[in-house]
Amino acid sequence: MPRITPHSAFETLPLVDISGLFSSLESERINAASALGDAASQAGFLYVTGHGIDPQIIHRLKQRAADYFAQSNEQKMQDYIGLSSNHSGYVPEGEEQFVEGTIDHKEAFDVGFDYAPALGRRPMLGPNRWPVLPGFKDDIKAYYDAVFNLSLTLFRGFALALGLPENAISQRVNNPPSQLRLIHYPFSPNAPVDRPGIGAHTDYECFTILLPTAPGLEVLNGAGQWIDVPLVDGAFVINIGDMMEVLSNGRYVATAHRVRKVAQERYAFPMFCACDYDTLIEPIAQLLDLQTPSRYGPHVCGDHLYAQTLQTFRYLKQRLAAGELSLPDGAKGLSSFGRAAMAGEV
C-alpha cells in the first residue's frame, strides 16, 4: 500500500504559466513564482508552459534520440557508460536497478554538464562520451543548454516563492552534475503486465524537467493514489526532488512516481537539475527559526548523487565490490534522503 504523503489529494497536475519569471518587472516575477511555489507545495509535480524553448530544438532532440536507439546493440555498446570518465554514454536494459531483483524495461543515453577543464573534475563531472552519430552532439547539447538555462530560471522562481533573494539557490549552480537522460521504452506486447518501465522512486536532485513523448508516467498523490500524467502540448513536467525538499526544509516535498508498462513505444527526456558538486545540501538558513528548526541533516550534493549512482548501476556496483571504488563518507542507501530519511522509513 503506498504511503500517505503531505501533498493534496490531487487528481490532475497543476499547470503554471512561468512566462512571468522572464519579466523585467519584479512584481510579475513574484506572481509567477508564487504560482510555481503553490503547485510545488500542493503536488510536488506540475506542468509548466511559457518556458520559451524553441520547438525546433525539441524536434531535433526527439529525432536524434530515435536515430540513436534504432542502431544495433553492438553499435550502441561502443558508447557504453562504463567506458566513460564522467558517467555518460549508453545504458543498456538491465544496467540499473532501483529495487533489488527487478529490471526496468528501458535503455538510455546519459549526458552530463560536459565539463572540459582538467581542474575541478569530480566522479560525475567531466567531459561527455559522445557517439559518432552525425549531428548527435550538436543537437543534444543544444537541448541540454536550453533546458539548463530554463533550470536557472526555475531555481530563481523557487527561491522567490520561498521569500528568498532570487539568486539564493542559483548562485550554487555553475558547473553542476546535472544530467540529461534520453530514455527509450520499447513496446513489448509479451512483457508481464506488472513489469514497470521504471519502478516507484523519488528523484535525488533539486527538481526534474521532463519532456515525455507518450503517456505512462504515474505520480503518487496525498491520498496514496497513483495518478496518470497525460501529455500537455507544449508543456514540460516538473517534479520536486529530494534535495529541494531539504533546501526548503520540507516546504516542498519530493513526490514518488513510476512508469507503468507502456502501451506504445515511448521516449522520455528528463533533465535532473542539481547544485554544484561541493554544495552542502541542508535547509537554507533564512527559512529557519525557533518555531521552524531544521528537519534534515546536511549532505554534500555531488557525494550524495555519486553514492546513489554507485549503488544503482551494474558497472559501478562491480567496481565497488572489487574494491576499485568506495562510497563517499557518510553515504546513504538508496531512497534514504529527504522525507524518507526524516520519517525513519528506511
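Residues numbered from 1 in each chain as written. Predicted model: local features only at pLDDT ≥ 70, side-chain atom pairs only at ≥ 80, totals over all residues. Heavy atoms only, no water.

In the nomenclature of an unreviewed UniProt entry, the protein corresponds to 2OG-Fe(II) oxygenase from the organism Pseudomonas brassicacearum. As stated in UniProt under Subunit (unreviewed entry), the record for the protein gives "Monomer." According to the UniProt record, the Sequence similarities (unreviewed entry) comment for the protein reads "Belongs to the iron/ascorbate-dependent oxidoreductase family." (UniProt positions renumbered as here; feature names shortened; annotations may be inferred.)

Q: What should I look at first to understand the overall build of the protein in this one?
A: Within the protein, the regular secondary structure consists of 8 helices and 14 strands. Sorting the 346 residues of the protein into buried and exposed places 55% on the buried side. Taken as a whole, the protein presents about 14,600 Å² of accessible surface, with 51% of it coming from carbon and sulfur. (Helix = DSSP H or I, 4+ residues; strand = E, 2+ residues; numbered from the N terminus. Buried < 20%, exposed > 50% of the residue type's maximum accessible area, 1.4 Å probe, protein only. Areas by Shrake-Rupley, 256 points an atom, 1.4 Å probe, with all protein chains shown as cover.)

Q: How do you make sense of the nonpolar core when you look at a structure like this?
A: The tendency in soluble globular proteins is for nonpolar side chains to be buried as a group. Judged by nonpolar contacts, the single largest core of 98 residues is most densely connected at L154, F207, I209 and F236. The contact partners of L154, leaving out residues within four places of it in the chain, are I18, L21, L36, F207, I209 and I238. (Core = buried A, V, L, I, M, F, W, Y, C linked by side-chain atoms within 4.5 Å. Contact = heavy atoms within 4.5 Å.)

Q: Is there a simple way to explain helix α4 (residues 136–161) in this structure?
A: For α4, which comprises 26 residues, the first-to-last C-alpha distance of 37 Å matches the rise-based estimate of 38 Å (1.5 Å per residue) to within 8%. In the segment just after α4, G163 is the residue with positive phi, at about 80°. (Expected span 1.5 Å × (residues − 1).)

Q: Even after reading the chapter, I still don't get the confidence of the model for the protein, so can you show me in this structure?
A: The predicted coordinates of low-pLDDT regions are not to be read in fine detail. In the predicted model, the protein carries a mean pLDDT of 89, and 88% of its residues have values of at least 70. In this model residues 340–346 is a low-confidence stretch, pLDDT under 50, and it forms 9 contacts with partners more than four residues away in sequence or in other chains. (pLDDT = per-residue confidence, 0-100.)

Q: Would you explain the environment of L164 in this entry?
A: Within the secondary structure, L164 is located in the loop between α4 and β5 (179–185). Look at L164 and you get buried, because its relative accessible area is 5%. When near neighbours in sequence (up to four residues on either side) are disregarded, L164 contacts A159, I284, Q286 and L287.

Q: What is the right way to look at the sheet that holds β5 in this model?
A: Strands belonging to one sheet form pairs held by backbone hydrogen bonds; the direction of such a pair is parallel or antiparallel. Pairing is mixed in the open sheet, where 8 strands are placed in the order β1-β2-β10-β7-β12-β5-β4-β3. With partners counted over all chains shown, the strands left at the sheet margins are β1 (15–17) and β3 (89–91), one partner each. Here the strands of the sheet are splayed against their neighbours by 25° on average, with no regard to which way each runs. Relative to strand β12 (residues 266–273), helix α2 (residues 55–69) is tilted by about 115°, and along the sheet it contacts β3, β4 (107–111), β5, β7 (207–212), β10 (236–240) and β12. Those strands touched by α4 are β4, β5, β7, β10 and β12, and its axis lies near 135° from that of β7. (Pairing = 2+ DSSP bridges. Axes fitted to C-alpha atoms, helices over the stretch in contact; angles between N-to-C directions.)

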